[in-house]
Amino acid sequence: MGYTLYYFELRAVVEPIRQLFKLAGKDFEDKRFTFPEWLGENSPKKTMPFGQLPVLELADGTKLAQSQAIARYLSKEFGGILWGSNNVEAAEIDALIDQYKEYYNEIRKFYYTNMGVMQGDLEELYKDVFLPAAEKFYGFIEKRLDASKSGFLVGSELSYADLLVADHLVTLQNIKPEYLKDHPKLTAYKEKVYSNEILKKWLAERPETAM
């Protein structure tokens, strides 16, 4: 079955989906738009379900929107990969994804100011917006890791929640490395996730982006 994944020249919410494809051993076309392409007069925006990205196009032309809906669909198509070994683990993975989305919404102004999409004082936003949200969210993450026998967030194996959190840690390493210096446990966790041989190969060959 042919898949085309549409997004921008960024990792962001789509990078874990790209990694899911790689871990499943499935081919896909990784179509990355520049912002001028997306915003231009011939923009493909009007052909997308909600006029936004990401979108996954199937071989029959069906287009699926929203990153987590795409990820869950692909996991089901690929035998439940990255979504736990039972329904309880699957629910825990979903809960972590939802909690991450809450955290992401809380830091949105800091994140988009870093991208240059919004304006603001980055140092003030780091102190007043990012730090409180990060300390809360990563406090939850570190607590789970302390209780984990596997070193992963849910169960005994790598999950989609791990891919989501680890990729965001890469972004933090790029834009605010001092945060991870103060949280060595998170750095060790990120390195464990990316010790997977398939992911290691993908990281070496993928396009480099800050976010």
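This text follows the structure it describes.
Everything quoted here is computed from the prediction, not taken from an experiment. (Residues numbered from 1 in each chain as written. Predicted model: local features only at pLDDT ≥ 70, side-chain atom pairs only at ≥ 80, totals over all residues. Heavy atoms only, no water.)

**Q** Would you explain the overall build of the protein chain in this entry?
**A** Along the protein chain, the regular secondary structure elements total ten helices and four strands. Scanning the protein chain from its N terminus toward the C terminus, one meets helices and strands in the order β-α-β-α-β-β-α-α-α-α-α-α-α-α. Computed over C-alpha atoms, the radius of gyration of the protein chain comes to 17 Å, within 12% of the 17 Å expected from 2.2 N^0.38 for 211 residues, which places it in the range of a compact globule. Its C-alpha atoms put the protein chain at 45 × 45 × 30 Å along the principal axes. In the protein chain, 64% of the contacts between residues at least 6 apart in sequence involve partners at least 24 apart. In the form shown here, the protein chain has an accessible surface area of approximately 10700 Å², with 50% of it arising from carbon and sulfur atoms. (Helix = DSSP H or I, 4+ residues; strand = E, 2+ residues; numbered from the N terminus. Rg over C-alpha atoms; globule rule 2.2 N^0.38 Å. Contact = heavy atoms within 4.5 Å. Areas by Shrake-Rupley, 256 points an atom, 1.4 Å probe, with all protein chains shown as cover.)

**Q** What's the story with helix H3 (residues 67-77) in this structure? I'm lost.
**A** Residues lying three or four places apart along an α-helix face the same way, a consequence of the helix completing one turn every 3.6 residues. For H3, the set of buried residues is Ser67, Gln68, Ile70, Ala71, Leu74 and Ser75. Buried residues of H3, viewed axially, fall in a sector of 155°; they line one side. Buried residues in H3 make contact with helix H1 (15-24), strand E3 (55-57), strand E4 (63-65), helix H4 (87-106) and helix H7 (160-175). Of the residues one or two after H3, glycine 79 is the one with positive phi, at around 85°. (Buried < 20%, exposed > 50% of the residue type's maximum accessible area, 1.4 Å probe, protein only. Arc of directions from axis to C-beta.)

**Q** Sorry, what's going on with the pairing of strand E2 (residues 29-33) here?
**A** Two faces make up the sheet, and in a regular strand the side chains alternate between them. Relative to E2, strand E1 (residues 4-8) runs parallel, the two being bridged by five bridges. For tyrosine 7, the partnering residue across the bridge sits in E2 and is arginine 32. Note that the unit made of E1, H1 and E2 has a crossover that is right-handed. (Pairing = 2+ DSSP bridges. Right-handed = clockwise from strand over helix to strand, strands pointing away.)

**Q** Quick question: what am I supposed to make of the packing of aromatic side chains here?
**A** The geometry of two aromatic rings is summed up by the distance between their centres and the angle between their planes. Per the stated rule, a full pass over the model turns up 23 aromatic pairs. Aromatic side chains tyrosine 138 and tyrosine 179 sit 6.2 Å apart centroid to centroid with 50° between the ring planes, which places their arrangement in the tilted category. Of this pair, tyrosine 138 sits in helix H6 (residues 122-147) while tyrosine 179 sits in helix H8 (residues 177-181), and the two are 41 residues apart along the sequence. A relative accessible area of 2% means that tyrosine 179 is categorised as buried. (Phe/Tyr/Trp six-rings, centres within 6.5 Å; stacked < 30°, edge-to-face > 60°.)

**Q** Any chance you could explain helix H9 (residues 184-193) here in plain terms?
**A** Listing the buried residues of H9 in full gives Leu186, Tyr189, Lys190 and Val193. Looking down the long axis of H9, one finds its buried residues gathered within 100° of arc, a one-sided arrangement. Residues of H9 that are buried sit in contact with H6, H7, H8 and helix H10 (197-205).

**Q** I tried to follow the packing of H4 against H7 on my own but got confused; where do I start?
**A** Two packed helices can be described by the angle between their axes and the distance between those axes. Running from N to C, H4 and H7 cross one another at 25°; their axes reach a closest spacing of 8 Å. As judged from the angle between their axes, H4 and H7 are roughly parallel. Taken together, the residues of H7 that come into contact with H4 (itself represented by Ile93, Leu96, Ile97, Tyr100 and Tyr103) are Tyr160, Ala161, Leu164, His168 and Leu172. (Axes fitted to C-alpha atoms, helices over the stretch in contact; angles between N-to-C directions. Parallel < 35°, antiparallel > 145°, perpendicular 65-115°, else oblique.)

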